[in-house]
Amino acid sequence: MTADLAVVGLGHVGLPLARAACAAGLTTIGHDVSAAVVTGLNEGRSHVGGVTDADVADMVAAGFRATDDASVTGRADTVVICVPTGLGADGTPDLGAVRAASRAVARGLRPGMLVVLESTSYPGTTEDVVRPLLEEGSGLRAGTDFHLAYSPERIDPGNRQFGIGNTPKVVSGCTPLCAKHAVAFYGRFVETLVVSRGTREAEMAKLLENTYRYVNIALVDEVALFCDRTGIDVWDVLHCASTKPFGFAPFRPGAGVGGHCIPVDPRYLAAKAEAEGFHFRMLSAAHDVVSRMPEHVVGRAVGLLGDMGKAPEEATVVLLGVAYKPDVADARESPAAPVASGLRARGVTVRYHDPYVPEFAADGTFLERVDSLPDALAGADLAILLQYHTSYDMTTLTRADCALLDTRGMASGARVTLL
Ligand SMILES: NC(=O)c1ccc[n+]([C@@H]2O[C@H](COP(=O)([O-])OP(=O)(O)OC[C@H]3O[C@@H](n4cnc5c(N)ncnc54)[C@H](O)[C@@H]3O)[C@@H](O)[C@H]2O)c1
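Residues numbered from 1 in each chain as written. Predicted model: local features only at pLDDT ≥ 70, side-chain atom pairs only at ≥ 80, totals over all residues. Heavy atoms only, no water.

Considerations on the packing of aromatic side chains
Piece 1. In total, this model carries seven aromatic pairs according to the counting rule given.
Piece 2. With 5.7 Å between their ring centres and 70° between their planes, Tyr 212 and Phe 251 make a pair best called edge-to-face. With a gap of 39 residues between them, Tyr 212 in helix 7 (residues 199-230) and Phe 251 in the loop between helix 8 (234-241) and helix 9 (265-275) connect regions that are remote in the sequence.
Piece 3. A relative accessible area of 8% means that Phe 251 is categorised as buried.
Piece 4. Cluster of aromatic residues (ring-pair linked, three or more members): Phe 185, Tyr 186 and Phe 189.
Piece 5. Over the ring of Tyr 186 we find Lys 169; its NZ or CZ atom is 4.9 Å from the centre of that ring. (Phe/Tyr/Trp six-rings, centres within 6.5 Å; stacked < 30°, edge-to-face > 60°. Helix = DSSP H or I, 4+ residues; strand = E, 2+ residues; numbered from the N terminus. Buried < 20%, exposed > 50% of the residue type's maximum accessible area, 1.4 Å probe, protein only. Lys NZ or Arg CZ within 6 Å of the ring centre and 35° of its normal.)

Spelled out as structure tokens, the structure:
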């Protein structure tokens, strides 16, 4: 059987892509190294928030199959690589999955195929890392025998307004012809395509988008630290500044940044800059500020407990919302982990409540999960609102007997303290 598309890496990026392609009528297959992911999908179960079991059932009904056999990529006209690009133990880019996927795709590469990298990485990855692996493994030449492109994913988990189809997509190719093939492919299910000059520009554009968020979050975090020191209400400052109809994009301070992108992607840029002998000062300054925020939240919490006459060792704190953003189940790199660790290091008993996250660990130790919000509040001296999931009822939060430290600037009331 041949296919229009083979998606390599069926996670938060690859699975929604496969769903969009299936819905547009493309025959789609998926390859993942995880047997659990493959089995689950073939049995109609989704492991990705925002993709329902019913969605997967529709995909399977449309002919979608997942497999851990990488050779299926050789049966597709287009292969899109969506594998993780995390950090190694030393905090530097780990392109192991991209290399492994490229080698696997190379083995089945045929003339005329289009290979697209969607994984986020530093500029030069497509040309300097993926291209040689594909060429050496296949004996074919990119731009001559097969087409090679880079197109960054802009998926925003939990966003109900923008999905793959209506979010403009940046597309690039190693040659203009490669870009043309990539445009023809994505044009089948994405409304607006933006063609960049080359793959490096597209790779850099993705890093700029996420670094922009990172640096601006760091800026408002530092404003919050300054306001805390000087007795200024940072939330009112943000409210006032946000009324400017031009030239100001609002960001909110918080306990830190999380997820697979915002804390990670700037590290890719920093590593590439360092390799080029370029010191990216904004990145180091932002990293410095953002990494202080969990400890700032811990300090505020311990201070509030002290105001109540509670020693940390006698106190119970419940973390509300340990996912890295509202209304998602993804807790990767969540700042809830360093907040929990900091509190535990001071002897505090820490629990959590999150309707989306069934288990959560900090420093390798699982936190006790409380299933119901009223029970979570009733059993704590202090609740810390880390993410404001829309299912959180503000009245329940603010009328609870325990104190509330609100890091999102949403709540008000006698027992509420804002970050
Ligand atoms: N999650 C997001 O919101 C988001 C948004 C934009 C871009 N990205 C980028 O997209 C890429 C993928 O991220 P994700 O969130 O989907 O990751 P993920 O961890 O959710 O999924 C990746 C999948 O790839 C599989 N995999 C790993 N190595 C493989 C290999 N060699 N061959 C086949 N499958 C392999 C894993 O088993 C996993 O199922 C990353 O570069 C990430 O930075 C993510």
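A word on the environment of Ala 20
Piece 1. Note that Ala 20 resides in helix 1 (residues 14-23).
Piece 2. Residue Ala 20 is classed as buried on the basis of its relative accessible area of 17%.
Piece 3. C-alpha separation for the pair Ala 20 and Phe 189, spaced 169 residues apart in sequence, amounts to 6.8 Å.

So, the domain arrangement of the protein chain
Often, the extent of an interface is quoted as the loss of accessible area on bringing the components together.
Piece 1. Under the domain assignment used here, the protein chain contains domain 1 (3-197), domain 2 (206-290) and domain 3 (293-418).
Piece 2. Domain 1 and domain 2 are separated by 30 Å when their C-alpha centres are compared.
Piece 3. Opposite the 16 residues of domain 1 that make contact, domain 2 presents 10 residues.
Piece 4. Among the residues of domain 1 in contact with domain 2, Leu 87, Thr 120 and Tyr 122 are the three that bury the most area, contributing 37% of the side total.
Piece 5. Along the contact surface separating domain 1 from domain 2 lie one salt bridge.
Piece 6. Salt-bridge contacts for Arg 154 lead to Glu 209; the nearest nitrogen and oxygen are separated by 2.6 Å.
Piece 7. Where domain 1 meets domain 2, there are five residue pairs in polar contact (both at pLDDT 80 or more).
Piece 8. Considering only residue class, the side of domain 1 that touches domain 2 consists of eight nonpolar, five polar and three charged. (Domains from an automatic or database assignment. Contact = heavy atoms within 4.5 Å. Buried area = accessible area lost by both parts, 1.4 Å probe. Salt bridge = Lys/Arg side-chain N within 4 Å of Asp/Glu carboxyl O. Polar contact = N/O pair within 3.5 Å; in protein donor to acceptor, adjacent residues only side chain to side chain. Nonpolar A, V, L, I, M, F, W, Y, C, P; charged D, E, K, R; others polar.)

Considering the sheet that holds strand 9 (residues 316-320)
The pairing of strands in a sheet happens through backbone hydrogen bonds and is either parallel or antiparallel.
Piece 1. Strand order in this open sheet of six strands is 13-10-9-14-15-16, and the pairing throughout is parallel. At either margin of the open sheet sits one strand with a lone partner, and together these are strand 13 (368-369) and strand 16 (416-418).
Piece 2. By the bridge criterion, five bridges tie strand 9 to strand 10 (residues 349-353) in an arrangement that is parallel. Residue Val 317 lies in a different strand from strand 10, and its bridge partner there is Val 350. (Pairing = 2+ DSSP bridges.)

Details of the site of the ligand
Piece 1. Of all residues adjacent to the ligand, which total 26 residues, the nearest are His 12, Val 13, Asp 32, Thr 85 and Thr 120.
Piece 2. The backbone of Val 13 places a nitrogen or oxygen atom 2.8 Å from an oxygen atom of the ligand.
Piece 3. Relative to its free-state accessible area of 830 Å², the ligand is covered by the protein chains to the extent of 89%.
Piece 4. Sorting elements by how many residues they give to the shell around the ligand places helix 4 (residues 96-107) first, with three residues. (Near = heavy atom within 4 Å. Areas by Shrake-Rupley, 256 points an atom, 1.4 Å probe, with all protein chains shown as cover.)

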